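Coordinate analysis (summary)
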Amino acid sequence: MVHTQSLSLLPQNGHSLPFIELRQSLPSQVAAISPFVDQLTRFILNFRRADGSESDIEMALHEALANAVIHGNGENSNKRIYVTCRCYMDGEVSITVRDEGRGFDSSAVLDPTALENLLFTHGRGIYLIKTLMDEVSFEEGGAVVMMRKKSNTGSVEERKP
């Protein structure tokens, strides 16, 4: 179901610590989202102290994948979602989700907290992603979302007993 493209220890690149980068793709199917999120969350916890912020990452990733599958790829099972997750040794996590869709104008997304939008049953995913992650940007016309969660202190080596 999930295809691993690469897993390697990469050299330092504009950051004070080395990182591990995992690249995977998954089918554009809603049923593939939760198992993939569970798998990636376990991977992330190898580099990040469990302090509750992993739930933020997990939910933001789930929302980004749901948007990519449903809105980006239109649930077309012939298309794929591409995910790159970079985990730094200090716990910082950077995730990129790319779909094969046309993208969207992120500035045109309605504010779900505005009074006139409170009763809508959709449209909260991007708001949640921006709220849960420390940095979020949309690239390539909205077909790519880049998310970052800052370090939650201390490297993996420093935390080992």
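Residues numbered from 1 in each chain as written. Predicted model: local features only at pLDDT ≥ 70, side-chain atom pairs only at ≥ 80, totals over all residues. Heavy atoms only, no water.

**A word on the pattern of salt bridges**
A complete count under the given rule lists six salt bridges for this structure. With a shortest N-O distance of 3.4 Å, D56 and K149 are connected by a salt bridge. Of this pair, D56 sits in helix 2 (residues 53-72) while K149 sits in strand 6 (residues 144-149), and the two are 93 residues apart along the sequence. On the accessibility criterion, D56 (26% relative accessible area) is partly exposed. Note on K149: relative accessible area 8%, which makes it buried. Put simply, E135 and R148 hold a salt bridge, and the shortest N to O gap is 2.5 Å. Highlighted residues: E135 in strand 5 (residues 135-139) and R148 in strand 6, separated in sequence by 13 residues. (Salt bridge = Lys/Arg side-chain N within 4 Å of Asp/Glu carboxyl O. Helix = DSSP H or I, 4+ residues; strand = E, 2+ residues; numbered from the N terminus. Buried < 20%, exposed > 50% of the residue type's maximum accessible area, 1.4 Å probe, protein only.)

**Quick look at the confidence of the model for the chain**
When the pLDDT values of the chain are averaged, the result is 84; 79% of them are 70 or greater. No element of the chain has a lower mean pLDDT than strand 1 (residues 3-10), which averages 42, and none a higher one than strand 4 (residues 93-98), which averages 98. With pLDDT under 50 throughout, residues 1-13 is counted as low confidence; its partners more than four residues away or in other chains account for 42 contacts. (pLDDT = per-residue confidence, 0-100. Contact = heavy atoms within 4.5 Å.)

**Some thoughts on the layout of surface pockets**
Here the largest pocket is characterised by a volume of approximately 530 Å³. Lining the largest pocket are 27 residues, and of these N67, H71, G72, F104 and I126 lie nearest its centre. Elements supplying a minimum of two residues to the lining of the largest pocket: helix 2, strand 4, helix 3 (125-132) and strand 6. Ranked by the residues each element gives to the lining of the largest pocket, the list is headed by helix 2, at eight residues. The calculated volume of the second largest pocket comes to roughly 330 Å³. For the second largest pocket, the lining is made up of 19 residues, of which T84, S94, T96, M146 and M147 are closest to its centre. (1 Å grid on protein atoms, 1.4 Å probe; cavity = no way out; pocket = protein on both sides within 12 Å on 5 of 7 lines; lining within 4 Å. Points joined across faces, edges and corners; volume = space filled by probe spheres on them.)

**Focus on the packing of aromatic side chains**
Counted by the stated rule, this structure contains three aromatic pairs. Between F19 and Y88, the ring centres sit 5.1 Å apart and the planes meet at 65 degrees, which makes this aromatic pair edge-to-face. You can see F19 sitting in strand 2 (residues 19-27) and its partner Y88 sitting in strand 3 (residues 80-88), a full 69 residues away along the chain. For F19, a relative accessible area of 2% translates into the label buried. Residue classification places Y88 among the buried positions, given a relative accessible area of 6%. Ring geometry for F104 versus F138: centroids 5.4 Å apart, planes at 75 degrees, classification edge-to-face. (Phe/Tyr/Trp six-rings, centres within 6.5 Å; stacked < 30°, edge-to-face > 60°.)

**Description of helix 3**
Buried within helix 3 we find G125, I126, I129 and L132. Within helix 3, the buried residues cover an arc of 140 degrees as seen down the axis, which keeps them to one side. In this structure, the buried residues of helix 3 make contact with helix 2, strand 5 and strand 6. (Arc of directions from axis to C-beta.)

**Topic: the packing of helix 1 (residues 33-44) against helix 2**
For any two helices packed against each other, the geometry comes down to the angle between their axes and how far apart the axes lie. Running from N to C, helix 1 and helix 2 point in directions that differ by 145 degrees, and their axes come no closer than 10 Å. Where helix 1 crosses over helix 2, the handedness of that crossing is right-handed. On helix 2, the residues that touch I33, S34, F36, V37, D38, L40, T41 and I44 of helix 1 are I57, E58, L61, H62, L65, A66 and V69. (Axes fitted to C-alpha atoms, helices over the stretch in contact; angles between N-to-C directions. Left-handed = near helix turned anticlockwise from the far one by under 90°.)

**What about helix 1?**
For helix 1, built from 12 residues, the straight-helix expectation of 16 Å at 1.5 Å per residue is met to within 8% by its first-to-last C-alpha distance of 16 Å. Residues of helix 1 that are buried include every one of I33, F36, V37, L40, T41, F43 and I44, and no others. Here the buried residues of helix 1 occupy an arc of 155 degrees about the axis, which is enough to place them on one side. (Expected span 1.5 Å × (residues − 1).)

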